[in-house]
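# Examination of the molecular architecture
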Amino acid sequence: LVFRFTKKSNCVSKLKLQLMNKLVLKSAICAIFLVITTMTSAQNFYSYNDIVSGNALKNGNIGFDMERARSLVKDLHPKLYLKNGNVLQSSSPNSYYAEIDVASLSSLSSNTNAGNFEIIRINVKSTNNFSVDLSQLRQSYTGLTFVYVVCDFQCDLNYIRQFFVNDDPNIMIIYSISVPI
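Here goes a summary of the coordinates provided. As the structure is a prediction and not an experimental result, all values here were calculated from the model. (Residues numbered from 1 in each chain as written. Predicted model: local features only at pLDDT ≥ 70, side-chain atom pairs only at ≥ 80, totals over all residues. Heavy atoms only, no water.)

Helices and strands together make up the secondary structure of the protein chain, namely seven helices and nine strands. When each of the 181 residues of the protein chain is scored for burial, the buried share is 35%. Taken as a whole, the protein chain presents about 11,600 Å² of accessible surface, with 56% of it coming from carbon and sulfur. (Helix = DSSP H or I, 4+ residues; strand = E, 2+ residues; numbered from the N terminus. Buried < 20%, exposed > 50% of the residue type's maximum accessible area, 1.4 Å probe, protein only. Areas by Shrake-Rupley, 256 points an atom, 1.4 Å probe, with all protein chains shown as cover.)

Next up, the structure:
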């Protein structure tokens, strides 16, 4: 049995091969574009332990002052405290650190004691359901660099990620679990 290739069948095979090469090339370009888009719009999430231990710094996280992040989450700083939308205490006018509960998220920007926050700590209880628009927060507080989420129950990164919309690569999300005894 001998197969003969005519000019017509040979031409069709070349066309099929060219078409397949174009499809593979287009698929590769789309995949590269998707990876680049995902990488550039990915939000920066770090655990409290990574910040305090210096592991986040060792991983080469350029673009954030990791020592400042460490100081803000570990050391004492003047704060504005809000609970249920009301000011509990303000240790300094124009504070750069706000500690709030979820109920205070909407009233934070309308608070007259609000400064240009560098960090906002959000205390989350297991029953809270909320969302934070990072780009809107950044517009309200141009100096905002860190959002620190503290859960009072066993939560994980995936649980915390769901609360944030409109990624902002200029804001680092720090998270920790602080279960009361």
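Attention shifts here to helix H4 (residues 66-74). Every buried residue of H4 is accounted for by Met66, Ala69, Ser71, Leu72 and Val73. Between the side-chain oxygen at the start of H4 and the backbone nitrogen of Glu67 there is a gap of 3.3 Å, and the oxygen is on Asp65. (Polar contact = N/O pair within 3.5 Å; in protein donor to acceptor, adjacent residues only side chain to side chain.)

Counted according to the given criterion, the structure contains seven aromatic pairs. With centroids separated by 6.2 Å and ring planes inclined at 15 degrees, the aromatic side chains of Tyr48 and Tyr148 adopt a geometry described as stacked. Here Tyr48 is found in helix H2 (residues 48-53), whereas its partner Tyr148 is found in strand S7 (residues 146-151), with 100 residues between them in sequence. On the accessibility criterion, Tyr148 (4% relative accessible area) is buried. Here Phe64 and Phe146 contribute two aromatic rings whose centre-to-centre distance is 6.4 Å and whose plane-to-plane angle is 45 degrees, an arrangement assigned as tilted. In this pair, Phe64 is assigned in the loop between helix H3 (55-58) and H4 and Phe146 in strand S7, connecting sequence segments 82 residues apart. The residues Phe64 and Phe146 share a single accessibility class, namely buried. Through successive ring pairs, a cluster of aromatic residues spans Phe130, Phe153, Tyr159 and Phe163. Positioned above the aromatic ring of Tyr97, the side-chain terminus of Lys79 is 4.5 Å from the ring centre. (Phe/Tyr/Trp six-rings, centres within 6.5 Å; stacked < 30°, edge-to-face > 60°. Lys NZ or Arg CZ within 6 Å of the ring centre and 35° of its normal.)

Distances and angles like these do not, on their own, reveal function.
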